[in-house]
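Summary of the model geometry
Each chain, letter by letter, is given below.
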Amino acid sequence: MTVTDTPIDVTAPIEHTQLLIGGEFVDALDGKVFDTINPSTGEVITQVAEGSAADVDRAVAAAREAFENGPWARMKPNERAAAIWRLGDLLMADAAEMGRIETLDQGKPYAYAMGGDVPSAAGLFHYMSGFATKLEGSTIPISAPGNFHTYTRREALGVVGLIVPWNFPLTISAWKLAPALAAGNTVVLKPAEATPLSALRLGQLALEAGFPPGVFNVVNGYGSTVGQRLAEHPGVDKVSFTGSTATGRRILDAAKGNLKRVTLELGGKSANIIFPDADIEAAIAGSSAGIFYNAGQACAAASRLYVHDAVYDEVIAGMAEKAQQIKVGDGFDPTSEIGPVASKEHFERVSSYLEVGKGEGEVVTGGARIGERGYFIEPTIFAGAAADSRIIKEEIFGPVVVATRFTDTDEVLAQANDTRYGLASGVWTSNVATAHSVAARIQAGTVWVNSYGVFDPSMPFGGMKESGWGREMGHDVMHDYTDVKTVCVNIDG
């Protein structure tokens, strides 16, 4: 049986809709709730507890108690690793339900949620669990007078606040949770208000995996209240945030009170460059997936397309054909390839950019909503926009790509780097020298060559310039969730 053939009871009730604090699901202190909406229909799925600053305070207190007095930070490394690995196993065992929740709440096709997002998140827990046993220091031969044994220890930071977006709610939660927990930290997770359900389900699985109370807390709510309090809280030692660059600045400002560590994975306007010697069929397929996958709701989406003049017409015609063939629809329709954008608010934002684009460039294909129910947008290609146009400069975060011709490598690199963002990029060429030289000159944290959107737990991911600070995944991420302590021992007595 394939994932698309699996019977799905879309109407089954959602089990967990409260806050998870100190190992228990509890109501918000003031009793408030808010609706979470199915973006395919615009209808209410359920009501979820709406946390407040006071709820953040009690979650941070629970996390602090678990860190300082509970067993988590003092567990044997292999015991902590085993608990994190079990969470990955439980997530895979729960794939059908977790996939249903992601599709209901975020809108993405069920086959992708169950067959892609869930295994990706589980793989993060499995991979990162190993770092619990590999947090090593080093010995240092110092030259100071005397006889000293000097070494370093890599230690957990303490309580970590994790703020995740709505485009990949489960996957990005795993990106942050897995290394934070492997390092021995305790966490307070704030899911996006548009997509809180998978975080709560994951919290239940963590309890089943044997996580002690207070190690993993979830506080639903709005960024202006829960996110703000988490970022400014004096009892939080680090905040990791994924979202817009504008919100990232607010996180930084809020975090300055106790100078907490901050990791930011922010916006992008990624350049995707197709040279004339590329495998054009592969470039068309990969570039289409790079912008239209997940309805273009990805910070690393290939939203600026630069195509050499010699192959421009062929590439644009091929991408337009693919865009027109994409089945956009309800995520529970097994024929759907992309779903809606995740909320009414975001639908209106992307729609406003479609109107801007019609005044700044030519509509090759798309440019409109689909249907009157739900938040569906046609895969859209613009062409001919000026280099300083809004649709080239600003992050749209939807299924919208802007195509530009080029004839010279220096010219296209100047255009590709003419952005305040620097998250990701793509290069399509059969010339090895071109691939490596262009990759070296692009100002972006990830460069995909003859591919786009390849992710793996072992690959660090993050941005340059205004696309953020720090990295997710890979061994580099452990530096962002640990601190280094130097110990200098006088061994002469």
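Cut-offs and rules
Residues numbered from 1 in each chain as written. Predicted model: local features only at pLDDT ≥ 70, side-chain atom pairs only at ≥ 80, totals over all residues. Heavy atoms only, no water. Axes fitted to C-alpha atoms, helices over the stretch in contact; angles between N-to-C directions. Helix = DSSP H or I, 4+ residues; strand = E, 2+ residues; numbered from the N terminus. Parallel < 35°, antiparallel > 145°, perpendicular 65-115°, else oblique. Left-handed = near helix turned anticlockwise from the far one by under 90°. Contact = heavy atoms within 4.5 Å. Nonpolar A, V, L, I, M, F, W, Y, C, P; charged D, E, K, R; others polar. Polar contact = N/O pair within 3.5 Å; in protein donor to acceptor, adjacent residues only side chain to side chain. Buried < 20%, exposed > 50% of the residue type's maximum accessible area, 1.4 Å probe, protein only. Arc of directions from axis to C-beta. Pairing = 2+ DSSP bridges. Core = buried A, V, L, I, M, F, W, Y, C linked by side-chain atoms within 4.5 Å.

This brings us to the packing of helix α2 (residues 77–93) against helix α4 (residues 110–129). The geometry of α2 relative to α4 is characterised by a closest axis approach of 8 Å and an angle of 165° between their N-to-C directions. Our classification of the angle between α2 and α4 gives roughly antiparallel. Remark: the crossing between α2 and α4 carries left-handed chirality. Of α4, the residues touching α2 (which contributes Ala81, Ile84, Trp85, Leu87, Gly88, Asp89, Leu91 and Met92) are Val118, Pro119, Ala121, Ala122, Phe125, His126 and Ser129. Taken together, the residues of the contact of α2 with α4 sort by class into 11 nonpolar, 3 polar and 1 charged.

Attention now goes to the side chain of threonine 380. Mapped onto the fold, threonine 380 is located in strand β17 (residues 380–383). A polar atom in the side chain of threonine 380 sits 2.8 Å from the backbone nitrogen of glycine 367. Reaching out from threonine 380, the side chain makes a polar contact with the backbone oxygen of glutamate 378 at a distance of 2.8 Å. If we skip the residues at most four places from it in the chain, threonine 380 touches Phe292, Leu354, Thr365, Gly366, Gly367, Pro399, Val400 and Val401.

Attention now moves to helix α13 (residues 409–416). Turning to α13, its buried residues number three or more, namely Val412, Leu413 and Ala416. All buried residues of α13 project into a common sector of 100° when viewed along the axis, lining one side. Buried residues along α13 sit against β12 (271–274), β13 (304–308), β18 (400–406) and α14 (432–441). Between the side-chain oxygen at the start of α13 and the backbone nitrogen of aspartate 410 there is a gap of 3.0 Å, and the oxygen is on aspartate 408.

Right, let's talk about the sheet that holds strand β6 (residues 148–156) for a bit. Within a beta sheet, neighbouring strands are joined by backbone hydrogen bonds and run either parallel or antiparallel to one another. Spatial strand order, β5-β6-β22: 3 strands in an open sheet with antiparallel pairing. Looking at the sheet topology across the chains shown, the edges are occupied by β5 (139–140) and β22 (482–490).

In terms of nonpolar packing, the biggest core is built from 95 residues, with Leu91, Phe125, Leu177, Leu202, Phe211, Ile274 and Val315 touching the most fellow members. Residues contacting leucine 91, with those up to four places away along its chain left out, are Met98, Val118, Ala121, Ala122, Phe125, Leu170, Leu202 and Leu205.

Where helix α7 (residues 223–232) contacts helix α8 (residues 245–255), the two axes come as close as 7 Å, and the packing angle between them is 45°. Here α7 lies oblique to α8, going by the angle between them. Of the two possible hands of crossing, α7 and α8 adopt the one that is right-handed. Contacts between α7 and α8 pair Gln228, Ala231 and Glu232 from the former with Ile251, Ala254 and Ala255 from the latter. Looking at side-chain class alone, the contact of α7 with α8 contains 4 nonpolar, 1 polar and 1 charged residues.

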